[in-house]
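What follows is each chain in one-letter form.
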Amino acid sequence: KNILFVLVLITMMVPFQVMMIPLFLESNFLGLLDTYAGLILPKATSAFGIFMMRSYFAALPKDLEEAARVDGMSEFGIFWKIMFPLVLPGTLTLAIFHLMQNWNNLIYPLMMTSSTRMRTLSAGLALFVGEHATTYYGPQLAGALLSVLPLLIIYIFFQKYFIASVATSGMKD
């Protein structure tokens with residue numbers, strides 16, 4: 001399992017531009033171009049997420065698992081009722097990081113979509129800014145505000161989990 005984990009970490013060193021053409025060809029072969037599934041599935045996880053969640057689960061005491069097994073709990077029950085609630089702050093922090101990364105991504109949605117109705121907000125905003133010879137600051141700034149607002153609202157609602165995640169990860173000032 002350590003060799004597999006190292007291989008996952010090595011993928012973090014490969015830039016996305018190297019994987020663009022193989023990902024496009026594979027998505028085209030599977031019929032995922034210009035679909036919601038094509039925008040979501042290939043970016044549903046990342047090596048950073050695997051690294052982060054593995055660190056959280058490795059920090060949990062093994063005694064909790066063993067006590068639950070002695071009490072006759074199933075493996076799924078151990079995960080769902082004991083382990084997952086303990087790593088919930090880390091899971092929500094990862095969800096915020098992952099959402100921010102995918103929300104602000106520009107190259108991937110441009111690569112996977114061809115119709116304007118499937119474009120993400122950041123890709124549509126970039127195309128809107130680039131299509132006019134003159135600069136219209138009002139609509140561009142309104143679009144930028146609309147693109148930042150959902151992330152800000154989500155962060156405000158999940159801030160307590162984000163802070164709890166940092167507090168339990170052992171990071172110091």
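Up top you'll find the structure we're talking about.
Just so it is clear, the structure is predicted and the values come from calculations on it, not from any experiment. (Residues numbered from 1 in each chain as written. Predicted model: local features only at pLDDT ≥ 70, side-chain atom pairs only at ≥ 80, totals over all residues. Heavy atoms only, no water.)

Q: Can you tell me about the packing of aromatic side chains, naming the residues and giving the values?
A: Summed over the entire model, instances satisfying the criterion amount to seven aromatic pairs. Relative to Phe 51, the ring of Phe 5 has its centre 6.1 Å away and its plane inclined at 15°; by these criteria the two rings are stacked. Note that Phe 5 is positioned in helix H1 (residues 2–10) and Phe 51 in helix H4 (residues 47–59), a separation of 46 residues in sequence. Taking 5.9 Å as the distance between ring centres and 45° as the angle between the ring planes, the aromatic pair formed by Phe 79 and Phe 84 counts as tilted. Taking relative accessible area as the criterion, Phe 79 reaches 34% and is therefore assigned partly exposed. (Phe/Tyr/Trp six-rings, centres within 6.5 Å; stacked < 30°, edge-to-face > 60°. Helix = DSSP H or I, 4+ residues; strand = E, 2+ residues; numbered from the N terminus. Buried < 20%, exposed > 50% of the residue type's maximum accessible area, 1.4 Å probe, protein only.)

Q: I'd like a rundown of helix H6 (residues 75–86), residues and numbers included.
A: Over its twelve residues, H6 extends 16 Å from the first C-alpha to the last, a length consistent with the 16 Å expected when each residue adds 1.5 Å. Taken together, the buried residues of H6 touch H4 and helix H5 (62–70). (Expected span 1.5 Å × (residues − 1). Contact = heavy atoms within 4.5 Å.)

Q: Describe the pattern of salt bridges, and please don't skip the residues or the numbers.
A: Summed over all chains, the structure comprises three salt bridges. The residue Arg 69 makes a salt bridge to Glu 65 at a minimum N-O spacing of 3.3 Å. Pair noted here: Arg 69 and Glu 65 are both in helix H5, with a separation of four residues, about one helical turn. Judged by its relative accessible area of 19%, Glu 65 is buried. Put simply, Glu 75 and Arg 69 hold a salt bridge, and the shortest N to O gap is 2.7 Å. (Salt bridge = Lys/Arg side-chain N within 4 Å of Asp/Glu carboxyl O.)

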